[in-house]
Amino acid sequence: MKIPLWSCLSLLLLVVACESPVEGRNETGGSDSSTNQESVIASENTISDQGIGKARLGMTLGELKAELGSQAEFVVESSFMVDLDAIAVRQGGETLFYLVYGSWETLGDNDPITMIFTDNPKFSTAEGLAHGMTIQEAEEIYGQATLNYNTDNEMREYVDFANAGLSGVDFPRLSFRAYREEGQFAGIYGEATEDGSYYETNQFHPDATIGMIVLDAGPLEYQDNTSGLMQPETDCADPMGTSARRNCAELAYQERDRELNQTYQELIATLDSSDRKQITNAQLAWLKFRDANCAYAADPEAEIIEPALLNTCLATMTEERTTQLAAAIGPDSILRSTEGVSSSSSLGVVTVDGQEIDCGSPQATPEITYCAGLAYEDIDQELNSVYQQVKGNLSSAGQQKLIKAQQAWIPFRDQHCEFAVREALGGTGYSAYLFACLEGITRSRTNDL
């Protein structure tokens, strides 16, 4: 059964206005059949505060299945977003929308629909706003755009507009995600607000568009629920039963996520604007890697992932990321970020252009850099070997999960290390420090696989 616990989502709400299309009348007062047909089509493709197309908030999954008929497919997508699973509703080869629910829940035929997401451009508000429309075009409908994101909310970027209630009615259940190129902010941001976590701007890139459109009943129906996701009456040191393990894993992830956000705020408080941009990009890359990796690591072969396994992975990765960020705070952050990475010593004596270099005890900067580069190449080859071995033992579906996770890890690796050794940029030791960081994070990835 579904439990209405939506305060966990921390969605930034957008207030927009929509009005239902009115059936046309001809000059004699009779119905115009062609206009009536257009009205039917419009209503089936309209986004309002009540629903998206034929999917309405409050109707049960079974009622929607009956409404759409046998031609519609309902496909479960586990790990749709962090803490969220979804049922993709497909018809005629295209996904119409997603019925979204908490990953700790199930959505059965008798359960009410409480969240609907869509990125299908054929659905639009009564005024014509749809996925893929540029934010500049949307401003012509709803007035000035304000873009925002919060580091405490997975850095998910939203857009609000000045003329909320354009048609005289507010629709607080709707929110619009802003979108640019994958991993890039649509807005052009300055400094955060006083709490250091919330960013807001009226400036945006010319290619910024409307992304996922979110319809959430939670902000109204469940706004008094402030207790968080769950408070299990159990001893999490020894949870008994599936429900207890699931709840305790969720609580563990929440706690690790709180610690990460706190450490992140401590770090950015020490940075200038350029470094803040760098760590923001690295953190966005990490979030993408985390989600893809936990979708794989929790159970590569599972179509529906057990929430306890997913949240255990999320908690573990979040704790590791907190340690990485903590190492970047304060003096000697470069040394901490590369601490313990001296595997070049295992290379022993190597010969380069007829000259011997003892990588166990390199002397000059060129020797240190060369040995650090060899050490990184060595662990990178080992990673590739392990990756191929793991991939070969997976089904086709598991391989796709692994590939997605690995593809997300690579930009995170690069952006993390560029930030971690940024203070050495321009110095003779920069390359050595960079290789050392790359070696360390690659070794960690190899061990994980």
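Use the structure listed above.
None of these values were measured; they are calculated from a predicted model.

K.L.:
Honestly, the pattern of salt bridges in this entry has me stumped. Any pointers?
P.N.:
Side-chain pairs of opposite charge can arise where the charged atoms are in close proximity. Inspection of every chain in the model, using the stated rule, returns 13 salt bridges. Glu44 is paired through a salt bridge with Lys54; the nearest N and O atoms lie 3.8 Å apart. On the criterion of sequence distance, the pair formed by Glu44 in helix α1 (residues 33–44) and Lys54 in the loop between β2 (51–52) and β3 (55–56) is long-range, its members being 10 residues apart. Linking Arg422 and Asp275 is a salt bridge whose minimum nitrogen-to-oxygen distance equals 3.4 Å. With Arg422 in the loop between α10 (396–420) and α11 (430–448) and Asp275 in helix α6 (residues 273–297), this pair connects stretches of sequence that are 147 residues apart. Residue Arg422 shares its accessibility class with Asp275, and that shared class is buried. Taken together, the shared-partner salt bridges in this structure form one network comprising Glu154, Arg290 and Asp291.

K.L.:
Mind showing me how you'd approach the pairing of strand β7 (residues 115–118) here?
P.N.:
Strand residues, when the strand is regular, have side chains that alternate between the two faces of the sheet. Burial of β7 is two-sided: the residues Met115 and Phe117 facing one way and the residues Ile116 and Thr118 facing the other way are all buried. Where strand β6 (residues 94–102) meets β7, 2 bridges bridge the pair, whose relative direction is antiparallel. Note on β7: the bridge partner recorded for Leu99 is Ile116.

K.L.:
How do you make sense of the packing of aromatic side chains when you look at a structure like this?
P.N.:
The description of an aromatic ring pair rests on the distance of the ring centres and on the angle between the ring planes. The full count for this structure, using the stated rule, is 10 aromatic pairs. Consider the rings of Phe97 and Phe123, whose centres lie 5.8 Å apart with planes at 55°: the pair is tilted. Here Phe97, found in strand β6, pairs with Phe123, found in the loop between β7 and β8 (124–125); they are 26 residues apart in sequence, far enough to count as distant. For the pair Phe97 and Phe123, a shared accessibility class is recorded, and that class is buried. One aromatic cluster in this structure is built from Tyr149, Phe185, Tyr189 and Tyr199. Geometry around Phe74 places Lys65 over its ring, the cationic atom sitting 5.5 Å from the centre. In this arrangement the basic side chain of Arg422 is found over the ring face of Phe419, its NZ or CZ atom lying 4.0 Å from the centre.

K.L.:
Sorry if this is basic, but what is going on with the nonpolar core here?
P.N.:
If you look at soluble globular proteins, the nonpolar side chains tend to sit buried side by side. Within the largest apolar cluster, 94 residues are counted, with the highest numbers of intra-cluster contacts made by Phe97 and Leu99. At 10 residues, the largest contribution of residues to this core is made by α6. In contact with Phe97, not counting residues within four places along its chain, are Ile52, Ala55, Leu64, Ile87, Ala88, Val89, Ile116, Phe117, Thr118 and Phe123. In this structure, Met81, Ala86, Tyr98 and Val100 belong to the second largest nonpolar core, which totals 11 residues.

K.L.:
Honestly, the pairing of strand β9 (residues 145–150) in this entry has me stumped. Any pointers?
P.N.:
With 6 of 6 residues buried, β9 is to be regarded as a mostly interior element. Residues Ala145, Leu147 and Tyr149 line one face of β9 and the alternating positions Thr146, Asn148 and Asn150 line the opposite face, and both faces are buried. By the bridge criterion, 5 bridges tie β9 to strand β10 (residues 157–161) in an arrangement that is antiparallel. For Thr146, the partnering residue across the bridge sits in β10 and is Asp160. What sits between the antiparallel neighbours β9 and β10 is a turn of 6 residues, in which Glu154 has the positive phi angle 60°. Alignment of β9 against strand β12 (residues 198–201), held across 4 bridges, turns out to be antiparallel. Pairing of Leu147 across the sheet is with Thr201, part of β12.

K.L.:
Can you walk me through helix α3 (residues 135–142) in this structure?
P.N.:
Since the α-helix advances by 3.6 residues per turn, residues separated by three or four positions end up pointing in the same direction. All of the buried residues in α3 are Ile135, Ala138 and Tyr142. Buried residues in α3, looked at end-on, bunch into an arc of 50°, giving them a common side. Buried residues along α3 sit in contact with β8, β9, β10, β11 (174–179) and β13 (209–216). Once α3 ends, the next one or two residues include Gly143, with phi positive near 85°.

K.L.:
Is there a simple way to explain the state of the cysteines in this structure?
P.N.:
A covalent bond between the sulfur atoms of two cysteines is referred to as a disulfide. Inspection of the entire model under this criterion finds 2 disulfides. Disulfide pairing is shown between Cys294 and Cys313; the S-S distance is 2.1 Å. Given an S-S torsion of about -85°, the disulfide between Cys294 and Cys313 has left-handed geometry. Note that Cys294 is positioned in helix α6 and Cys313 in helix α7 (residues 307–327), a separation of 19 residues in sequence. Put simply, Cys417 and Cys437 are joined by a disulfide, and their sulfur atoms are 2.3 Å apart. Across the disulfide from Cys417 to Cys437, rotation about the S-S bond amounts to roughly -85°, and the bridge is consequently left-handed. Remark: Cys437 occurs in helix α11 and Cys417 occurs in helix α10; sequence separation between them is 20 residues. Neither residue differs from the other here; Cys417 and Cys437 are each classed as buried.

How each quantity is defined
- Residues numbered from 1 in each chain as written.
- Predicted model: local features only at pLDDT ≥ 70, side-chain atom pairs only at ≥ 80, totals over all residues.
- Heavy atoms only, no water.
- Salt bridge = Lys/Arg side-chain N within 4 Å of Asp/Glu carboxyl O.
- Helix = DSSP H or I, 4+ residues; strand = E, 2+ residues; numbered from the N terminus.
- Buried < 20%, exposed > 50% of the residue type's maximum accessible area, 1.4 Å probe, protein only.
- Pairing = 2+ DSSP bridges.
- Phe/Tyr/Trp six-rings, centres within 6.5 Å; stacked < 30°, edge-to-face > 60°.
- Lys NZ or Arg CZ within 6 Å of the ring centre and 35° of its normal.
- Core = buried A, V, L, I, M, F, W, Y, C linked by side-chain atoms within 4.5 Å.
- Contact = heavy atoms within 4.5 Å.
- Arc of directions from axis to C-beta.
- Disulfide = S-S within 2.5 Å.

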